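Okay, here's what each chain looks like letter by letter:
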Amino acid sequence: MEEIIPYARQYLDDKDIQAVIEVLKGDYLTTGPCINKFEREFAKKVGAKYAVAVSSGTAALHIAYLAAGIKPHDEVITTPMTFAATANAALYVGAQPVFADIDGKTYNIDVKEIERHITSRSKALVPVHYTGLPCDMEEIYEVARSNNLAVIEDACHALGAKYKDTVIGDCTFSDITVFSFHPVKHITTGEGGMITSNSEQLYQKLIKLRSHGITRDNDTFNEISHGDWYYEMQDLGFNYRLTDIQAALGVSQLKKLDSFVSRRRQIASRYNKAFQELPVELPSEPEGYYHSYHLYVIRLKKESTKTRKYLYNRLKEKGIHTQVHYLPVHTMPYYRENLGYKLGDYPEAEDHYSRVLSLPLFPAMTDDDVDYVINCVKEVLI
Ligand SMILES: *Cc1c(COP(=O)(O)O)cnc(C)c1O
């Protein structure tokens, strides 16, 4: 096979391209009608009252933490098995990221570990639905309520996932949920993100924080309007706006979400069947959970004689570019030097990192691509 198969990539069709061209020909490149449309349709899709489009998943996390009232010296409890942005955003608001180790079966944050790390300074829990498998939100919500903590779901992997009778993003068990539209994620806008909530108060804060803390809404002014040009800056916000060019792409991509997720699940199920006999641990999907498979990760068994590096390198030689998700955040030099974390602090996450590999999984993969990956993985591991 000549072509390189990456671990993830976007899927764009002519309708997506046409949607962007229409915006480019129109009046509004930003702050136009596509933003509202994308927000409305996204909110409807996940079953939330409100949605706020922003420039990235990281921007979404940042203003979600601010809106939730996380302040300097507060503690935010999250998993070390995530992209750095989940924890970094706590640092942006002056808070302390505190990690709780993962569960060795689901690879999601372990609720008992969360409880062990709650202190009088704890302010929020940030579960990450790693690879697209939802965390046990009912339990997490229970712990949060009994300790008066906010819950912010990092659902950057989990658009299209379901948990019990809920859809991830409907905020049944959280205050706020955040999503990313980076090209490797379920739907893309190039860069982009979305925040959902059922709280009108949080929604109003998020809308302001997205755009410099400025409001033009007469009803919320502190002072008497000087005229129709009048606006007020009431909070210190940012320019975290999504453009209409991106939002149009988002609206078009969202229409394909269901087919994207079912194709991802189809590929995952073929992998599951094919790898039964290999010396690897396969992803789990407990009863009542609907995995959206942002990633398909395998873990080499502890007793495996072949290393992850060997598998990675051999697959790369065959044109299959896998990835490792993730280097645990607490082991990053910045976190070790500035926050005092060290190797050994989170044994489950570190063990996971040492054995895990993300195989190619994206809707544009053909059945031939999938077969090729299966055959190569088997060839290397048998
Ligand atoms: C992608 C991702 C982010 C950041 O999203 P960006 O849009 O790249 O800023 C945050 N958390 C997780 C778990 C992610 O996968």
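This structure is a prediction, so every number in the text was calculated from the model and none was measured.

Asks: What exactly am I supposed to notice about the nonpolar core here?
Replies: Side chains of a nonpolar character, in soluble globular proteins, are inclined to be buried together. Ranked by internal contacts, the top residues of the largest apolar core, which has 64 residues, are Phe38, Phe42, Ile140 and Phe179. For this core, the secondary structure elements donating two or more residues are helix H2 (33-46), strand S1 (50-54), strand S3 (96-99), helix H5 (111-116), helix H6 (137-146), helix H8 (244-254), helix H9 (257-274) and helix H11 (333-339). No other element matches the 6 residues that H2 contributes to this core. Not counting residues within four places of it along the chain, the set of residues in contact with Phe42 comprises Leu159, Phe179, Phe181, Met194, Thr196 and Leu254.

Asks: Just to check I follow, could you spell out the environment of Val98 for this structure?
Replies: Relative to the elements of secondary structure, Val98 occurs in strand S3. Exposure remark for Val98: the relative accessible area of 11% places this residue in the buried category. For Val98 and Ile77, which are 21 residues apart along the polypeptide, the C-alpha to C-alpha distance reads 4.7 Å. Ignoring anything within four residues of it in the chain, the contact list for Val98 reads Glu75, Val76, Ile77, Thr78, His117 and Tyr341.

Asks: Hey, could you run me through the packing of aromatic side chains in this one?
Replies: Each aromatic ring pair is described using two quantities: the centre-to-centre distance and the angle formed by the ring planes. Taken as a whole and assessed by the stated rule, the structure comprises 23 aromatic pairs. When the centroid spacing of 4.9 Å and the interplanar angle of 10° are considered together, the rings of Phe238 and Tyr240 count as stacked. Aromatic ring contacts, followed pair by pair, group Phe99, Tyr334, Tyr335, Tyr341 and Tyr346 into a single cluster. In this structure, Lys162 is placed above the aromatic ring of Tyr290, and the distance from its NZ or CZ to the ring centre is 4.5 Å.

Asks: Just to check I follow, could you spell out the site of the ligand for this structure?
Replies: In the region of the ligand, 15 residues are neighbours, and Gly57, Thr58, Asp154, Ser180 and Lys185 sit closest. Between the ligand and His157, the relevant distance is 2.9 Å, taken from an oxygen atom to a side-chain nitrogen or oxygen of the residue. The residue makeup of the shell around the ligand, split by class, is 5 nonpolar, 8 polar and 2 charged.

Asks: Please clarify how the sheet that holds strand S12 (residues 280-281) should be interpreted in this entry.
Replies: The strands that make up a sheet are held in pairs by hydrogen bonds between backbone atoms, and each pair lies either parallel or antiparallel. Pairing within the open sheet is antiparallel, and its 3 strands lie in the order S12-S14-S15. The outermost strands of the open sheet, each flanked by one partner alone, are S12 and strand S15 (356-359). Relative to S15, strand S14 (residues 296-300) runs antiparallel, the two being bridged by 4 bridges. Considered in S15, the bridge of Val297 is made with Ser358.

Asks: How should I be thinking about H6 in this particular structure?
Replies: One turn of an α-helix holds 3.6 residues; hence residues three or four places apart share an orientation. All buried positions along H6 are accounted for by Met137, Ile140, Val143 and Ala144. When H6 is viewed along its axis, its buried side chains cluster within an angular range of 125° and face the same direction. Facing away from the buried side of H6, by more than 90 degrees, are the exposed residues Glu142 and Ser146. Looking at the packing, one finds that the buried side of H6 touches H5, strand S4 (122-126), strand S5 (150-154) and strand S6 (162-163). Directly beyond the C-terminal end of H6, a positive phi value near 55° is found at Asn148.

About the cut-offs
- Residues numbered from 1 in each chain as written.
- Predicted model: local features only at pLDDT ≥ 70, side-chain atom pairs only at ≥ 80, totals over all residues.
- Heavy atoms only, no water.
- Core = buried A, V, L, I, M, F, W, Y, C linked by side-chain atoms within 4.5 Å.
- Buried < 20%, exposed > 50% of the residue type's maximum accessible area, 1.4 Å probe, protein only.
- Helix = DSSP H or I, 4+ residues; strand = E, 2+ residues; numbered from the N terminus.
- Contact = heavy atoms within 4.5 Å.
- Phe/Tyr/Trp six-rings, centres within 6.5 Å; stacked < 30°, edge-to-face > 60°.
- Lys NZ or Arg CZ within 6 Å of the ring centre and 35° of its normal.
- Near = heavy atom within 4 Å.
- Polar contact = N/O pair within 3.5 Å; in protein donor to acceptor, adjacent residues only side chain to side chain.
- Nonpolar A, V, L, I, M, F, W, Y, C, P; charged D, E, K, R; others polar.
- Pairing = 2+ DSSP bridges.
- Arc of directions from axis to C-beta.

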